[in-house]
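# Reading the structure
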Amino acid sequence: LHSHFTLSKIFAANFSEQVVESFPSDISTGIYYGWACVGNGDVHKMVLSIGWNPFYKNIKKSVETHIIHTFKEDFYGEILSIVIIGYIRPEKNFDSLEALISAIQEDIEEANRQLDLPEHLKLKDDNFFYLPEGKIVNGH
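This report concerns the structure included in the present document. (Residues numbered from 1 in each chain as written. Predicted model: local features only at pLDDT ≥ 70, side-chain atom pairs only at ≥ 80, totals over all residues. Heavy atoms only, no water.)

## Considering the environment of Phe129
Here is the rule we go by: A run of H or I in DSSP becomes a helix once it reaches four residues, and a run of E becomes a strand once it reaches two; helices and strands are each numbered from the N terminus. Burial status follows relative accessibility: with a 1.4 Å probe on protein chains alone, a residue under 20% of its type maximum counts as buried, one over 50% as exposed, and anything between as partly exposed. Whether two residues are in contact is decided by their heavy atoms, any of which lying within 4.5 Å being enough.
Relative to the assigned elements, Phe129 resides in the segment after α3 (118-121). On the accessibility criterion, Phe129 (8% relative accessible area) is buried. On a C-alpha basis, the gap between Phe129 and Val43 in space is 7.5 Å, while along the polypeptide they are 86 residues apart. Beyond its immediate stretch of four places on either side in the chain, Phe129 contacts Trp35, Ala36, Cys37, Val43, Ser81, Ile82, Val83, Leu123 and Lys124.

## Quick look at helix α2 (residues 97-115)
Where we set the bar: Expected span of a helix: the number of residues minus one, times 1.5 Å. The arc in question is traced by the directions running from the helix axis to the C-beta atoms.
Over its 19 residues, α2 extends 27 Å from the first C-alpha to the last, a length consistent with the 27 Å expected when each residue adds 1.5 Å. The complete set of buried residues in α2 reads Ala103, Asp107, Ala111 and Leu115. Burial along α2 is one-sided: seen end-on, the buried residues are contained in an arc of 95 degrees. Of the surrounding elements, those touching the buried residues of α2 are β4 (30-38), β5 (43-52), β7 (79-89) and α3.

## Some points on the packing of aromatic side chains
Filter applied, for reference: The rule is short: rings of Phe, Tyr and Trp, with Trp giving its six-membered ring, pair when the centres are within 6.5 Å, and they are stacked under 30 degrees, edge-to-face over 60, tilted in between.
This structure, assessed with the given rule, holds 2 aromatic pairs. Taking 5.1 Å as the distance between ring centres and 75 degrees as the angle between the ring planes, the aromatic pair formed by Tyr32 and Tyr87 counts as edge-to-face. Taken as a pair, Tyr32 in strand β4 and Tyr87 in strand β7 lie far apart in primary sequence, 55 residues in all. Judged by its relative accessible area of 8%, Tyr32 is buried. Taking the relative accessible area as the measure of exposure, Tyr87 reaches 41% and is therefore partly exposed. Taking the centre distance of 5.3 Å and the plane angle of 70 degrees together, the rings of Phe128 and Phe129 count as edge-to-face.

## Notes on the pattern of salt bridges
If charged atoms from side chains of opposite charge come close, those side chains can pair. Definition in use: Salt bridges are identified by distance alone: a Lys or Arg side-chain nitrogen within 4 Å of an Asp or Glu carboxyl oxygen.
The final tally for this structure, using the stated rule, is 3 salt bridges. A salt bridge links Arg89 to Asp107, with the shortest nitrogen-to-oxygen separation between them at 2.8 Å. Taken together, the positions of Arg89 in strand β7 and Asp107 in helix α2 put the pair 18 residues apart, joining distant regions of the chain. On the basis of relative accessibility, which here comes to 13%, the residue Arg89 falls in the buried class.

That's the geometry; what it means functionally is another story.
As structure tokens, then:
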């Protein structure tokens with residue numbers, strides 16, 4: 001998937017509504033792990049959240065990518081390429097900010113463990129991330 005996105009201080013990238021609607025309709029909500037690449041940069045580990053967006057009264061899914069990397073600058077307007085490798089857990093509500101932060105940390109630890117496995121590590125070098133500059137994929 002390629003999309004323009006905004007990148008916040010915690011390096012979370014939200015896909016546009018158009019891109020989210022292009023995801024398979026039967027994809028389960030929850031937390032996933034995989035690989036992400038910003039622009040023509042390096043490929044990094046990521047955790048992806050697919051859930052219902054309260055802003056739209058939970059009738060629209062939202063997809064947020066948390067790239068496990070510290071960037072030196074924002075990448076507003078860059079293309080974000082992702083490969084979803086596996087599923088961590090279903091989405092859920094939390095009673096406190098501390099519980100949410102704890103769950104996010106556990107998700108990142110699980111993503112790190114899974115993505116270090118040889119069968120997942122090899123996908124980091126997939127040709128998908130090295131498409132010719134300017135090539136349009138899936139209409140995006």
